[in-house]
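Listed below are the residues making up each chain.
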Amino acid sequence: MKILAISDIHNNVACVRKLRAQEANEYDVIAIAGDIGTRAAAEIFATLATFECPIVYVHGNWDRMPDDAKFGAGAQLVHLKVVKVGSLTFTGYSFRAPLPRQRRVSGTAEYTRRCRALLRAAIRKSGADLRRCVLLAHDRARHLDRDFPNLLLHIYGHAHTFDVLRRGTTTYVNASALDRMLPVGRKHDRKRLRHVNAGNYAVIDVGRGGKVSVECRLLRRNYQEWTVIGRSTSNGPIGKDLIPEDTVFAGDVTFARGPDRA
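Residues numbered from 1 in each chain as written. Predicted model: local features only at pLDDT ≥ 70, side-chain atom pairs only at ≥ 80, totals over all residues. Heavy atoms only, no water.

Participant: Help me understand the sheet that holds strand E1 (residues 2–6), please; the structure alone is not making it clear to me.
Facilitator: Two strands in a sheet stick together by hydrogen bonds in their backbones, pointing the same way (parallel) or opposite ways (antiparallel). Here we have 6 strands laid out as an open sheet, ordered E4-E3-E2-E1-E13-E14, and mixed in their pairing. Of all strands in the sheet, those with a lone pairing partner are strand E4 (75–77) and strand E14 (212–218), marking the two edges. Between one strand axis and the next, the sheet turns through 20° on average, direction left out of account. Here 3 bridges tie strand E2 (residues 29–32) to strand E3 (residues 55–57), and the two strands are oriented parallel to one another. By the bridge assignment, Ala 31 is partnered in E3 with Val 56. Along the sheet face, helix H2 (residues 41–49) touches E1, E2, E3 and E4 and points at about 140° away from the line of E3. (Pairing = 2+ DSSP bridges. Helix = DSSP H or I, 4+ residues; strand = E, 2+ residues; numbered from the N terminus. Axes fitted to C-alpha atoms, helices over the stretch in contact; angles between N-to-C directions. Contact = heavy atoms within 4.5 Å.)

Structure follows, in structure tokens:
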């Protein structure tokens, strides 16, 4: 199965449209590890829906959408749930989301402990095989071998640095951040600040035998006439003007459906 894994979008619709423009309809599932952004969530999911494959996601600290919010029939929040997509099972937990029939927890460690206990119960009830199971969380879940021995894959974000780590049978993938904007200026006019969407995402292939391969892909950076003049930012698009090559993705863009998957 082929997974498009993204995280840390931060309401940046343009970076999602740029991603969509450079990827074909060749994925079996899209996995989002949180920080979608409440304000632009509907537009983001509408763009991703043109891939015509299921979308599974959890919430991050940028997200304030209710758990019952609907973003199309193909999008499923997997917070404390077990969802089967093709030959894989997806589960996970959101960033400090409400827990069922539980009093408020005292901190992050207690919240994580309770979420993992609820997930273990849900996985046992579903009969899912952990060797074909993917766990989504916004930040990295540690020591997964204690609670989920033989887990296949863990996808997360929050720390805005792409990373792949293997511990035991589990592959850890930090897919963030799709929202990474580089400040640029023209070579002879650096005072006129503009930005380029230059984030990254992950393409994950899971073979029938459980072999996992991960590729980091960058949003294309077409800015030959511009010079990078500062550090990248990952805190959303508000107040940032794009270069002309990227401005097209800030408006309405039409994407092809269907034929690419043939």
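Participant: Honestly, the packing of aromatic side chains in this entry has me stumped. Any pointers?
Facilitator: In this description, an aromatic ring pair is defined by two values, namely the gap between the centres and the angle between the planes. Under the defined criterion, the tally for this structure stands at 5 aromatic pairs. Ring centres of Phe 45 and Phe 71 lie 4.5 Å apart, and the angle between their planes is 15°; this geometry places the pair in the stacked category. Of this pair, Phe 45 sits in helix H2 while Phe 71 sits in the loop between E3 and E4, and the two are 26 residues apart along the sequence. Phe 71 matches Phe 45 in its accessibility class, with the two residues each being buried. Seen in terms of ring centroids, Tyr 93 and Tyr 111 are 6.5 Å apart; in terms of plane orientation they differ by 75°. Their pairing is edge-to-face. (Phe/Tyr/Trp six-rings, centres within 6.5 Å; stacked < 30°, edge-to-face > 60°. Buried < 20%, exposed > 50% of the residue type's maximum accessible area, 1.4 Å probe, protein only.)

Participant: What is the right way to read the sheet that holds strand E6 (residues 88–93) from this model?
Facilitator: If you trace the 6 strands from one edge of the open sheet to the other, you get E5-E6-E7-E8-E10-E9, paired in mixed fashion. Each edge of the open sheet carries a strand with a single partner, namely strand E5 (82–85) and strand E9 (163–167). For this sheet, the mean angle separating the axes of adjacent strands, direction not counted, is 20°. As paired strands, strand E7 (residues 133–137) and strand E8 (residues 153–156) are joined by 3 bridges and run parallel to one another. The residue of E8 that forms the bridge with Leu 136 is Ile 155. The sheet contacts of helix H3 (residues 108–126) involve E5, E6 and E7, and relative to E6 the element is tilted by about 155°.

Participant: What should I look at first to understand the side chain of Asp 179 in this one?
Facilitator: Here Asp 179 lies in the loop between strand E10 (170–174) and strand E11 (181–186). At 6.6 Å, Lys 240 is the nearest oppositely charged side chain to Asp 179, a buried residue that forms no salt bridge. Polar side-chain contacts of Asp 179 include one of 2.8 Å to the backbone nitrogen of Gly 236. (Lys, Arg positive; Asp, Glu negative; His and termini not counted. Salt bridge = Lys/Arg side-chain N within 4 Å of Asp/Glu carboxyl O. Polar contact = N/O pair within 3.5 Å; in protein donor to acceptor, adjacent residues only side chain to side chain.)

Participant: It is not clear to me how unusual backbone geometry should be interpreted in this structure. Could you clarify?
Facilitator: Backbone geometry follows two general trends: most residues other than glycine have a negative phi, and most peptide bonds adopt the trans configuration. Cis geometry is adopted by the peptide bond preceding Ala 177, which originates at Ser 176 and carries an omega value of 5°. Take Ala 177: it is sitting in the loop between E10 and E11. Despite not being glycine, His 143 shows a phi value in the positive range, around 55°. Turning to its location among the elements, His 143 is positioned in the loop between E7 and helix H4 (144–147). Given a relative accessible area of 43%, His 143 falls into the partly exposed group. In this structure, Asn 150 is a non-glycine residue whose phi angle is positive, near 75°.

Participant: Please clarify how empty space enclosed by the protein should be interpreted in this entry.
Facilitator: With the rule as written, the count across this model stands at 1 cavity of 30 Å³ or more. Estimated volume of the largest cavity: approximately 80 Å³. The wall of the largest cavity is formed by Tyr 93, Ser 94, Phe 95, Arg 96, Thr 108, Tyr 111, Thr 112, Ala 137, His 138 and Asp 139. Counting residues per element, the lining of the largest cavity draws most heavily on H3, at 3 residues. (1 Å grid on protein atoms, 1.4 Å probe; cavity = no way out; pocket = protein on both sides within 12 Å on 5 of 7 lines; lining within 4 Å. Points joined across faces, edges and corners; volume = space filled by probe spheres on them.)

Participant: Just to check I follow, could you spell out the side chain of Ser 176 for this structure?
Facilitator: Topologically, Ser 176 is positioned in the loop between E10 and E11. When sequence neighbours within four positions are dropped, the list of residues in contact with Ser 176 reads Ser 7, Asp 8, Tyr 156, Gly 157, His 158, Ala 159, His 160, Thr 161, Phe 162 and Asn 200.

Participant: Even after reading the chapter, I still don't get the nonpolar core, so can you show me in this structure?
Facilitator: Generally speaking, nonpolar side chains in soluble globular proteins are found buried as a group. In terms of nonpolar packing, the biggest core is built from 28 residues, with Ile 6, Ile 30, Ile 32, Phe 45 and Leu 48 touching the most fellow members. Where this core is concerned, the elements lending two or more residues are E1, helix H1 (13–22), E2, H2, E3, E4 and strand E13 (200–206). In this structure, Ile 30 is in contact with Leu 4, Ile 6, Leu 48, Phe 51, Cys 53, Pro 54, Ile 55 and Val 56, ignoring residues within four places of it in sequence. Core analysis: the next-biggest nonpolar cluster, separate from the first, contains 24 residues, Met 1, Val 58, Val 85 and Val 206 among them. (Core = buried A, V, L, I, M, F, W, Y, C linked by side-chain atoms within 4.5 Å.)

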